[in-house]
Structures are given as structure tokens and as C-alpha cells.
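In case you want the letters, here they are:
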Amino acid sequence: MMSQIDVIKENVQYEQLLREGSTNHVLKGEYLIKDSHPDAHQILGVDAKATVTNKDILADKVMIEGQINYSVLYLSEDESGMQRVDSVSLSEKFADYLELNNEEHKILCDVECVIEHIQANIINERKISIDGVRSTKWNIYKIQDLEFVKDIEGSGDVQVQRKSEELNQVKGQKDVEFIGKSLIKVTMDKPEVDEVLKYSMMLHKKEVKLGEDKVYFGCYCKIEVLYKGRESEDLVLLQDDVYLSKEEELVGINSEMMTSQSIDIVNSDCTVMPDDLGENRNISVEFVAKGNVKVMSREMVDVVKDAYSPTVSMELVENKCELGVVHGSMTTDLILKDNLYLKDENERLGNIIMVYGCPVITDKTAEEDKVKVEGVIKVSALYKTADEAYKFNMCNGEIPFTSVLDIKGTKPDMNVIAKVQLETIDGTVEANTIAIRATLTVSVKVLYNVDKNWVVDVVQNKEEKKEKQSSVTIYVVNKGDTLWELAKKFNTTMDELIRINEMDNPDVINIGQRIIVPGRAIF
């Protein structure tokens, strides 16, 4: 009667980085100032943010849709020559297409859009032009299922050799959405709101925590509102920090697993409302943040390396597979200090009204046991001068940064995924310059691909293995021999060889050593 073999298999889902890259797109447009706004006399500065609003993976391409929001601060001038700060908000939509190769199917695409350069100029008092560069950075991952033989059981004397393999399995992911609100009240020591010139929001202090079958995400949203006072020449900056959190169920995860997240603000609105006295002293800000949280495991799995049976004829089916492996990840904080210099050396700096910035990674490299990330923060500062002739002005600059993260075992040929987040930024007056202090969070993940053979199936032949009794064999150990290979070659078992040869340490056999093999070889 033929012995039965039970093959135990396991299936895992993993992701592998196929390629990464970036494409630059020129921004060039002319925009009319609304009739409700005064004529433009001088451009102070322009801020721009690109947001991905939709992403579709089609058969042969990835379609990315988004919107760029511009905020232009400018000086207007009345008939008396008095200058005032005004603003105009503009927007434009964009669409990008990333062509896929024939083998790139069942993929995941991470996309980030960054404004690399932006400037605004006056064409005439009712029209401005905006020129810049938008960069779309993307990473394409292959989502693959791997089924392998984890163990072999049977009623016969099946011999199984196992090995441990490190696997990074995608355990799950969740799309998250937050609706945030803030009601900022203008106190009586500040002027009533005449017009909101600019408002901005920034997610910071992001954190992902895992529990048994649960994922928790939390962050703060820093809100800044710059407004012009009624019957006043003052510009006032208001701030708030709103905490956002959400807990979702995700079966099969635990606190030992790795996480990654990509969450940003996709829509917002700012409205000025009257208070109980009818004065415009309430500012309502509402926003929507969307993104994704992904959870991956990093575990050692026992798999079948080789197997045979002295009595059952069986054949192993192997498949070579390239796996993506996460070597390591790390997050660090970076504090930067630098100074911005005024455009006009003759200006006397009064006080700083508002400082904002955008970090951009310019290079990332894997080195021996470490990762280096380089970039700049593009900083803009709105300030009031101590000179009556130039009451308000802006200056811009770039602050370089370098972060070195020690990840043991990193090799120069490994891939690096890097992200940077601005946590805080502020400016103070220092010897007629603007001293900038900023805090960044730099996160890196080191990846590599490896080719490995996997036992994916075991085929049992219908015929029983024929045996031929023979006399005892004395085998002389050659270079490269192992006890497992000898037992398989002579159709016996390791336990049998260990017992007959009274081996104390079966893991070590020496060249020239004589081993007694029982008489059961097949020729």
C-alpha cells in the first residue's frame, strides 16, 4: 500500500519596489485680479501647494489628478500713495500620466507632488504671471503572492530539511479620512477682521500605533490665518493646533509590525463670521485630510529546503522568485538654524509677521551602514520695516540640510525611500536679519531585492521506490559533503547514520572521515 504524503503550504503577499523616479512640469500662466481687489503695485511673494486629489491605476498607465493652490501677496497703492497689503488666491488643475511596462501589473504606486520653484510677476496692474516647476515623485511597487511548502507530513518515513527565511508580508492597509474644524476667536486687543489675506494648514507630529487587530493614527494640524485689520494698517497672524485621531480595525496585526503612512490635506475652507456683538471676530476653518496607513510584518518563517523518503518516490517542485525585503527603517528629528538677509541692505527690520517653509529632498544615498539624505527648506518671511517708505516686505531663501541615519547592514547598492516633514518653523530679528529655526522629521526605509529558490510543491510518484539490499558501505567524506546529502544519496536517514556511527556532533563531519552506511542503497 502506497504511503500518503500531506503537503502543508502557506501563502504570503509581499511588495517589491520595481522602480522610482520623478518628472518635472513647467508651471506658466497669466491670471486676472478680481474686480473686487485693488490694483497690484508690487508683488511681495507667492506660495503654492500641489495636492493629489485622485489616482487611478489603469491597464497600461497610472493617471494622477491634482490641484495647485496659489496664494499671492502684493502691495496696492491708493491715490495718496499709501500702500496696503492685499492678496489673491488662484488655483489650477493638473493631470499626469505614468506609462507602465508590460510586466508591471498588479502594482501599487506612491505619488508625491512638490513645488520645486515658484515666482510671480506683474504684467499690468490687473494681471499677474506665475512661473514655476512642479515635480511629481513616484515609487512603483509590485504586489505579489507567494505560495510555498511550509512542511511535509506523511505516514511514511519522510525526511524534511528546513531553513528560516525572512519575509516582509503586507498584513493590511486602511484608507483614512479626517474632517477637522477650528473656530479661532479674535480677542479685543486685536483689530476686527477686514479681510483674510492667507491661511495655511500643516499636518505634523504624525504617529501610527498598533495593537492587537487595531491601528491608531494621530496627528496635529497647525492652522495659521493672516488677516488685515479693519480701519487699521496692521497685519495679524492667528494660530491654532487641532488634534486629529482615528482608530480602525485591521485583523491580524500586532504592535511588533512595521507601518508607513501618507496623509495630507486635500480640501479646506476659511470663513469670517460675526461674534455676538456683530463684529467680525470669529474665523471658522474646516478641512478634510485623506490618506493611507499600511502595515507590514517582518518575521522569520520556517520553510522546506529539501525533502526525500527512503521508501516513497517523490519529487520536489522548485520556483525561483525575486523578493522585496525591507532591510530597515528609521526616523530622526533635525533642528536647523540659519539667517535670511533682506533684499535691500538699507531697510531697517521692524518685526516679523509670518514665516513659512517647504522642505524638498534633493538627494538620498545608501552607504555602508548608513543612509544620507540631503535637501533644502524653501523659506519665506513677511515682515514690517522700521522705515515709513517701505512698510511691508518679504524675503526668501533656501536653508540646506543633511541628515545621516545609521542603519547597520546597509549597502551602497540598496534602495532608499526617504520622506521629510516640516514640524515647526519660526523667525526672530537678529542684527537686521531674520534668524530662522526649523525642525524637520526625516524618515527613511532601506530596501533590496533578492533571488531565492522556493519549494512550491511536492509530487508523489505512483510507483513505490524499489529497494535493493546491499552489503554495508564504507564512505570516505569528501570536501563539501553534509550528513543530510549522504543520507539522501544512500537512501537512508540522518538518524540512522548518527546511530550506526555513534556520532556525538552530527553537524560536523571531516574530510577523510569514514562513515558506515547501512545496506539499503539504490543503484
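First things first, this report covers the structure right here in the doc. (Residues numbered from 1 in each chain as written. Predicted model: local features only at pLDDT ≥ 70, side-chain atom pairs only at ≥ 80, totals over all residues. Heavy atoms only, no water.)

## Here we look at the pairing of strand S11 (residues 258-274)
Sheet topology note: the S11/strand S12 (residues 280-308) ladder contains 16 bridges and is antiparallel. Within the sheet, the bridge partner assigned to Met-258 lies in S12 and is Met-296. Counting the residues that bridge the hairpin from S11 to S12 gives five residues, and of these Gly-278 lies at a positive phi of roughly 85 degrees. (Pairing = 2+ DSSP bridges. Helix = DSSP H or I, 4+ residues; strand = E, 2+ residues; numbered from the N terminus.)

## Some thoughts on the sheet that holds strand S6 (residues 127-154)
Spatially, three strands are ordered S1-S6-S5 in an open sheet, and the strand pairing comes out antiparallel. Where the open sheet ends on each side, the last strands, each with one partner, are strand S1 (5-32) and strand S5 (107-124). The mean angle between the axes of side-by-side strands here comes to 5 degrees, regardless of whether they run parallel or antiparallel. In terms of strand pairing, S5 meets S6 through 16 bridges, oriented antiparallel. Pairing of Gln-119 across the sheet is with Asp-131, part of S6. (Axes fitted to C-alpha atoms, helices over the stretch in contact; angles between N-to-C directions.)

## Quick word on the packing of aromatic side chains
Here the structure, examined in full by the defined rule, presents six aromatic pairs. Judged by centre distance (5.5 Å) and plane angle (40 degrees), the ring pair of Phe-178 and Phe-217 falls under tilted. One end of the pair, Phe-178, is in strand S7 (residues 159-185); the other, Phe-217, is in strand S9 (residues 214-229), with 39 residues separating them in the sequence. Each ring, one from Tyr-475 and one from Phe-490, has its centre 5.6 Å from the other, and the planes form 65 degrees; the classification is edge-to-face. Taken together, the positions of Tyr-475 in strand S19 (residues 473-476) and Phe-490 in the loop between helix H1 (483-489) and helix H2 (494-501) put the pair 15 residues apart, joining distant regions of the chain. Tyr-475 gets classed as buried once you look at its relative accessible area, which sits at 12%. According to the relative accessible area criterion, Phe-490 is buried, its value standing at 11%. Sitting over the ring of Tyr-356, Lys-198 keeps its end group 4.5 Å from the ring centre. (Phe/Tyr/Trp six-rings, centres within 6.5 Å; stacked < 30°, edge-to-face > 60°. Buried < 20%, exposed > 50% of the residue type's maximum accessible area, 1.4 Å probe, protein only. Lys NZ or Arg CZ within 6 Å of the ring centre and 35° of its normal.)

## A short note on unusual backbone geometry
The phi dihedral of Glu-231 is positive, around 55 degrees, even though this residue is not glycine. Position of Glu-231 relative to the elements: it lies in the loop between S9 and strand S10 (235-249). If you check the backbone angles, Asn-491 has positive phi at about 60 degrees while not being a glycine. With respect to the helices and strands, Asn-491 occurs in the loop between H1 and H2. In this structure Asn-491 comes out as buried when scored by relative accessible area, which is 4%.

## Remarks on the pattern of salt bridges
Think of it this way: side chains of opposite charge can pair up when their charged atoms draw near. Inspection of every chain in the model, using the stated rule, returns 29 salt bridges. Residue Glu-15 pairs with Lys-294 through a salt bridge whose shortest N-O separation is 2.9 Å. In this pair, Glu-15 is assigned in strand S1 and Lys-294 in strand S12, connecting sequence segments 279 residues apart. Residue class for Glu-15 comes out buried when judged on its relative accessible area of 7%. Arg-298 serves as the salt-bridge partner of Glu-166, at 2.8 Å between the closest nitrogen and oxygen. One end of the pair, Glu-166, is in strand S7; the other, Arg-298, is in strand S12, with 132 residues separating them in the sequence. (Salt bridge = Lys/Arg side-chain N within 4 Å of Asp/Glu carboxyl O.)

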